[in-house]
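# Coordinates in review
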Amino acid sequence: MATLAATAPRISHISKPGVWLPACSLWQREIVRFYRQKARVVGVIASPLIFWLVLGSGFAHSFHSSGSGTAAASGHYLGYFFPGSIAMIVLFTAIFSMMSLIQDRNEGFLLSVLAAPVSRSAIVLGKVLGGATLAAIQGIVFLVFAPLVGVHPTPASIAFSALIVILISFELTALGFAIAWPMDSTQAFHAIVNIILLPLWMLSGALFPASGASGWLRLCMRLNPLSYGVDALRNSLFPAAVTDFSLTTNLAVTIAFCCLTFAASWAIVNRRTNKPAA
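Structure report, in brief.

## Side note on the overall build of the protein chain
Of the regular secondary structure elements, the protein chain holds 13 helices and 0 strands. Across the protein chain, helices and strands are ordered from the amino to the carboxyl terminus as α-α-α-α-α-α-α-α-α-α-α-α-α. Evaluated residue by residue, the protein chain yields a buried proportion of 46% over its 278 residues. In the structure as shown, the protein chain presents an accessible area of about 13300 Å², 71% of it carried by carbon and sulfur atoms.

Listed below in C-alpha cells is the structure:
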C-alpha cells in the first residue's frame, strides 16, 4: 500500500502529449501505408486519366459546338473536363483513405489509439491531414497533363492551382472522415459514397456547366460546395474563360467548407455516446 501511495503522485503528473506529435505520427502512417500499396497508387491515378481521355474524346465535338465556358477557351471538351478530373482524383483518394479508418477500427488499431493518452482532436487532424496530403499530391501531379489540352500555365498559376487542389483535398477528406467515423462496415461506406460523394462530384460542374443545366439541376449545382472548388481551378487554369462564379466567391466558399467539414469531424469524434467508438 505504501508503494502504491508513493507511486500514485508520479502517475498523476504524467502529462499527455500535445496534439501535433500524435497527429504527425498518424499522418506519417497514412503516407507510408499508401505508397506501400503499389496497385492502389496506380489505380487512383490511372482510373481518372482513362476516364478523362475516353469521356473527353467522346464528347469533344458535341461540347465544342456549344462554344461555352472553358471549352471555348481551350478549344476542346478535354479542357473543360480537366479540372473535374483533378477533383475526381482527389475524391477517389479521399474515399480510399477514409475507408482505412473503418479497417483500423475492425483491426483494433483505432481502439489502441483511443486508449492512448492523446487528444481525440489529434486523431482527426492526423487522419485528415494524411488523406488530404495523399489526395493533394496526386491531384497536383495530374497538372502535368495540362499541356495536352493546350494549357501552358505560368509558375504563379501552377502554385495557385496547387493551393486550390490542397483545399479541395482537405474538404473532401474531412467530409469522408465525418462519414466513415460512425461506420463499422466498408459496404455501408460504399453505399454512402454512391449516394452522396459521387453525386457531389457529378453535380460540381465537372461534367457540364451549370449555365446549360435545367432549373432544379442548376440550383443543386449552386448549392454544392464542391462546385466552387472545381470552378476555382478553372479560374486558375483558364483565366480567359467565362466561369460560373467569381474567383473570390469560389475561394470564400471553398475555405468555409473546409472549416465546416473539419469542425463536423471534430464534433463527431468528440461526441460522447453509449456505443463503443472502436
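Continuing now.
## Here we look at the pattern of salt bridges
Under the counting rule described, the total for this entry stands at 6 salt bridges. Between E30 and R29 there is a salt bridge whose closest N-O contact spans 3.9 Å. Since its relative accessible area comes to 25%, R29 is described here as partly exposed. Across the pair R29 and D104 runs a salt bridge, and its minimum N-O distance is 3.2 Å. One end of the pair, R29, is in helix α2 (residues 20-36); the other, D104, is in helix α6 (residues 77-107), with 75 residues separating them in the sequence. Where salt bridges share partners, they join R29, E30, R33, D104 and K127 into one cluster.

## So, the nonpolar core
Membership of the largest hydrophobic core comes to 62 residues, with the highest contact counts inside it found for F82, L172, F177, F189 and W201. When residues of this core are traced back to their parent elements, those giving at least two are α6, α7 (109-115), α8 (120-141), α9 (155-180), α10 (186-202), α12 (226-237) and α13 (247-270). The dominant element in this core, judged by the number of residues it contributes, is α6, at 17 residues. Leave out the neighbours within four places in its chain, and W201 touches F51, F81, G84, A87, M88, L91, A206, L207 and L226.

## Quick word on the packing of α2 against α6
Viewed as axis vectors pointing N to C, α2 and α6 meet at an angle of 105 degrees, and their least axial separation amounts to 12 Å. Accordingly, the angle class assigned to the pair α2 and α6 is roughly perpendicular. Residues R29, E30 and R33 of α2 pack against S97, S100 and D104 of α6. For the contact of α2 with α6, the residue count by class is no nonpolar, 2 polar and 4 charged.

## Some remarks on the packing of aromatic side chains
The final tally for this structure, using the stated rule, is 5 aromatic pairs. Considering the side-chain rings of F177 and W181, the 5.7 Å spacing of their centres and the 20 degrees angle between planes classify their relative orientation as stacked. Classification of F177 by relative accessible area gives buried; the value is 0%. One residue, R105, lies across the ring of W181, its end atom 5.3 Å from the ring centre. Positioned over the ring face of Y80 is R234, at 3.8 Å from the centre of the ring.

## Remarks on the environment of L49
Position of L49 relative to the elements: it lies in helix α3 (residues 38-58). Excluding anything up to four places from it in sequence, L49 contacts F142 and F145.

## A few points about the environment of V128
In this structure, V128 sits in helix α8. Along the primary structure V128 and A174 are separated by 46 residues, whereas in three dimensions their C-alpha atoms are 5.6 Å apart. Each residue touching V128, except ones within four places of it in the same chain, is listed here: F170, T173, A174 and F177.

## Some thoughts on α12
Counted at 1.5 Å a residue, the expected span for α12 with its 12 residues is 16 Å, and the 17 Å between its end C-alpha atoms agrees. Among the 12 residues in α12, 12 count as buried, and that is most of the element. Among the residues of α12, L226, S227, Y228, G229, V230, D231, A232, L233, R234, N235, S236 and L237 are the ones counted as buried.

## What about α13?
Its 24 residues give α13 an end-to-end C-alpha distance of 35 Å, which sits within 8% of 34 Å, the value for a rise of 1.5 Å per residue. For α13, the set of buried residues is N250, T254, F257, C258, T261, S265 and V269.

## Describing a nonpolar patch on the surface
The grouping of I50, L53 and V54 at the surface amounts to a nonpolar patch, some 280 Å² of accessible area in total. For V54, the position within the fold is in helix α3.

## Quick word on the packing of α6 against α8
Where α6 contacts α8, the two axes come as close as 8 Å, and the packing angle between them is 150 degrees. When the axis of α6 is compared with that of α8, the two are roughly antiparallel. By crossing handedness, the relation of α6 to α8 is classed as right-handed. Counted together, I86, I89, V90, T93, S97, M98, S100, L101 and D104 of α6 and K127, G131, L134, A135, Q138 and G139 of α8 form the full contact between these two elements.

Rules behind the numbers
- Residues numbered from 1 in each chain as written.
- Predicted model: local features only at pLDDT ≥ 70, side-chain atom pairs only at ≥ 80, totals over all residues.
- Heavy atoms only, no water.
- Helix = DSSP H or I, 4+ residues; strand = E, 2+ residues; numbered from the N terminus.
- Buried < 20%, exposed > 50% of the residue type's maximum accessible area, 1.4 Å probe, protein only.
- Areas by Shrake-Rupley, 256 points an atom, 1.4 Å probe, with all protein chains shown as cover.
- Salt bridge = Lys/Arg side-chain N within 4 Å of Asp/Glu carboxyl O.
- Core = buried A, V, L, I, M, F, W, Y, C linked by side-chain atoms within 4.5 Å.
- Contact = heavy atoms within 4.5 Å.
- Axes fitted to C-alpha atoms, helices over the stretch in contact; angles between N-to-C directions.
- Parallel < 35°, antiparallel > 145°, perpendicular 65-115°, else oblique.
- Nonpolar A, V, L, I, M, F, W, Y, C, P; charged D, E, K, R; others polar.
- Phe/Tyr/Trp six-rings, centres within 6.5 Å; stacked < 30°, edge-to-face > 60°.
- Lys NZ or Arg CZ within 6 Å of the ring centre and 35° of its normal.
- Expected span 1.5 Å × (residues − 1).
- Patch = residues over 30% accessible without salt bridge, like charges linked within 9 Å, V, L, I, M, F, W, Y side chains within 5 Å.
- Left-handed = near helix turned anticlockwise from the far one by under 90°.

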